[in-house]
Amino acid sequence: MAANTKELNIENKLWETANALRGSMDASEYRNVVLGLIFLKYVSDAFEARRSELLKTEYPQDAEDPDMYLSENIFWVPKKARWELIKDSAKLPKIGEIIDSAMDALEKNNDSLRGVLSKNYASPDLDKTRLGEVVDLISDISLGSEKAKQSDVLGRVYEYFLNEFASQEGKKGGEFYTPRSIVRILVEMIEPYKGRIYDPCCGSGGMFVQSDKFVQEHQGKINDLSVYGEESNPTTWKLAKMNLAIRGIDNNLGPHQGDTFLNDLHKGERFDFILANPPFNVKNWNGEKLREDARWKYGVPPTGNANYAWIEHIISKLAPNGKAGFVLANGALSTSTKDEYAIRKAILEDDKIDAIVALPDKMFYSTGIPVSLWFIDMDKASQGERVRKGETLFIDARNLGEMVDRTHREFSKEDIAKVADTYHAYRGTNKQKYEDVAGFCKIASLDEIAKNDYVLTPGRYVGLAKQEDDGEPYEVKMTRLTGELKKEFAESDKLQAQIKDVLKELGYEI
């Protein structure tokens, strides 16, 4: 997200005010309160912009016809849900009840929002004075006008808030938000231009938003991409529905939240693209109830860890020419437990793993453990691509990225381009010629992977980067280094003697 913009100033100011609203509320609860208000302001602004247009036509009465809004993919906003009423009521003690009533009316008049909006603004835990202050601040921001849509003010504010909430909530934040640069690199690598895209654990919908942006940036048609997903957390499912609604992205996330393993809401469906950030190393995923499941083509995953269940579920959902990119904990690359080893070996021998990318640490809010990106291609001989049968690309990106604060790292556009361009050169889908680069990338054959006991850790294949020759002769360098080491040893001896003298004076002779 670009810094030093007017929009970012709005985001910061809005965040500070909203943060003051928190009080004693649980972070996830006040997150939904604030994002719900932003959503309400957006749909009201978009409605008013369309209403203003209709009032200027030959048939101004159309301004009160819901179909004239729905046909333009704009929500119909009944009078009691319009922001003008909320704004005028900001200082009233009943502001919470008025907002709850607005949310209820909005849901009843728009089927796609049924059961999605937060309706706890009348809660005694919510400070009504501060709630009114947030309403006042949001009132000053245009979110649904054509100009605001073009500069994506709402999208930026919404994404900024999701990012901040993820940071504040730490481990829990990872349940609904995948850092933008991780999503971006996945999208740039599998290039979901056209077709059906699916996320089996969609969180707040970030994978879909970035895919949508990718299509726009490459002059594609948004309607050429159909969005499907599932999310087990009911609150996060609502966040995803709102996040996609504000961007006008049609979607099928099921009629409610669902457990992807126990209740696959898209059973029998196949997809062209899959993007996912499954929860890492989940122990209690009900695997004991699914021992005979048809998804386990390569072997039955262990009941104590869901990582390989996610891998097999994803592969089972791909079309014959489908592609997937997803995040997994590094342990999945080399686990030697009997079931997981057998599954990994079978998937490799079936030639489905196209690439593995090792990521740096500190990329996620939810965990400090190292993670990697897996790329699956169901057909490595697709039209328009280099035939890559029996090959897997390994990329070690652990030295990329920059720290954006004390605890979090992000990939720059250049970092993302370096990894994605390398992958596309390997696939033969760009104009670059692929070459192995020591310490960064290497194409390995199945035979080579088998000799490494089917371990998929990129560092094992790419090796070490070549060290630049500094021009100093070996004998000269060793003489210099040993001389420096001698000085360090002498300094160490001197410090030890001083410490012994001090201890001796205190009566503790060594």
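Note that this is a predicted model, so its numbers are computed, not measured.

1. Quick notes on the sheet that holds strand 2 (residues 225–229)
- Strand order across the open sheet formed by 9 strands is 3-2-1-4-5-7-6-8-11, with mixed pairing between neighbours. At either margin of the open sheet sits one strand with a lone partner, and together these are strand 3 (251–252) and strand 11 (441–445).

2. Some points on the environment of Ser232
- With respect to the element layout, Ser232 can be found in the loop between strand 2 and helix 11 (234–245).
- A sequence separation of 27 residues divides Ser232 from Asp259, and the C-alpha atoms of the two residues are 4.9 Å apart.
- Not counting the four nearest positions on each side in its chain, Ser232 is found in contact with Gln257, Gly258 and Asp259.

3. Comments concerning helix 14 (residues 338–349)
- In this model helix 14 runs 17 Å from its N-terminal to its C-terminal C-alpha over 12 residues, within 8% of the 16 Å that 1.5 Å per residue would give.
- Looking at the buried positions of helix 14, the neighbouring elements they touch are helix 12 (307–316), helix 13 (331–334), strand 6 (353–358), strand 8 (391–396) and helix 16 (446–451).
- Where helix 14 terminates, the next one or two residues include Asp351, which has phi positive at roughly 60 degrees.

4. Remarks on the environment of Asp272
- Relative to the elements of secondary structure, Asp272 occurs in strand 4 (residues 271–276).
- Of the residues examined, Asp272 reaches a relative accessible area of 30% and is grouped as partly exposed.
- Taking C-alpha positions, Asp272 is 8.3 Å from Pro320, a pair spaced 48 residues apart along the chain.
- At 2.7 Å, the side chain of Asp272 and the backbone nitrogen of Arg196 are in polar contact.

5. Focus on the side chain of Asn110
- Relative to the elements of secondary structure, Asn110 occurs in the loop between helix 5 (95–108) and helix 6 (128–139).
- Its relative accessible area of 3% is what places Asn110 among the buried residues.
- A distance of 2.9 Å separates a polar side-chain atom of Asn110 from the backbone oxygen of Trp76.
- Within the local environment of Asn110, its side chain forms a polar contact with the backbone oxygen of Leu106, the two atoms lying 2.9 Å apart.
- Excluding anything up to four places from it in sequence, Asn110 contacts Leu70, Phe75 and Trp76.

6. Here's the deal with the pairing of strand 2
- Among the 5 residues in strand 2, 4 count as buried, and that is most of the element.
- Where strand 1 (residues 195–199) and strand 2 come together, 5 bridges link them in parallel fashion. Within the sheet, the bridge partner assigned to Tyr198 lies in strand 2 and is Tyr228.
- A crossover links strand 1 with its parallel partner strand 2, the connecting element being helix 10 (residues 206–217), and its sense is right-handed.
- As paired strands, strand 2 and strand 3 are joined by 2 bridges and run parallel to one another. Paired with Val227 across the bridge in strand 3 is Asn251.
- The parallel pair strand 2 and strand 3 is bridged by helix 11, and the resulting crossover is right-handed.

Quick notes on the rules
Residues numbered from 1 in each chain as written. Predicted model: local features only at pLDDT ≥ 70, side-chain atom pairs only at ≥ 80, totals over all residues. Heavy atoms only, no water. Pairing = 2+ DSSP bridges. Helix = DSSP H or I, 4+ residues; strand = E, 2+ residues; numbered from the N terminus. Contact = heavy atoms within 4.5 Å. Expected span 1.5 Å × (residues − 1). Buried < 20%, exposed > 50% of the residue type's maximum accessible area, 1.4 Å probe, protein only. Polar contact = N/O pair within 3.5 Å; in protein donor to acceptor, adjacent residues only side chain to side chain. Right-handed = clockwise from strand over helix to strand, strands pointing away.

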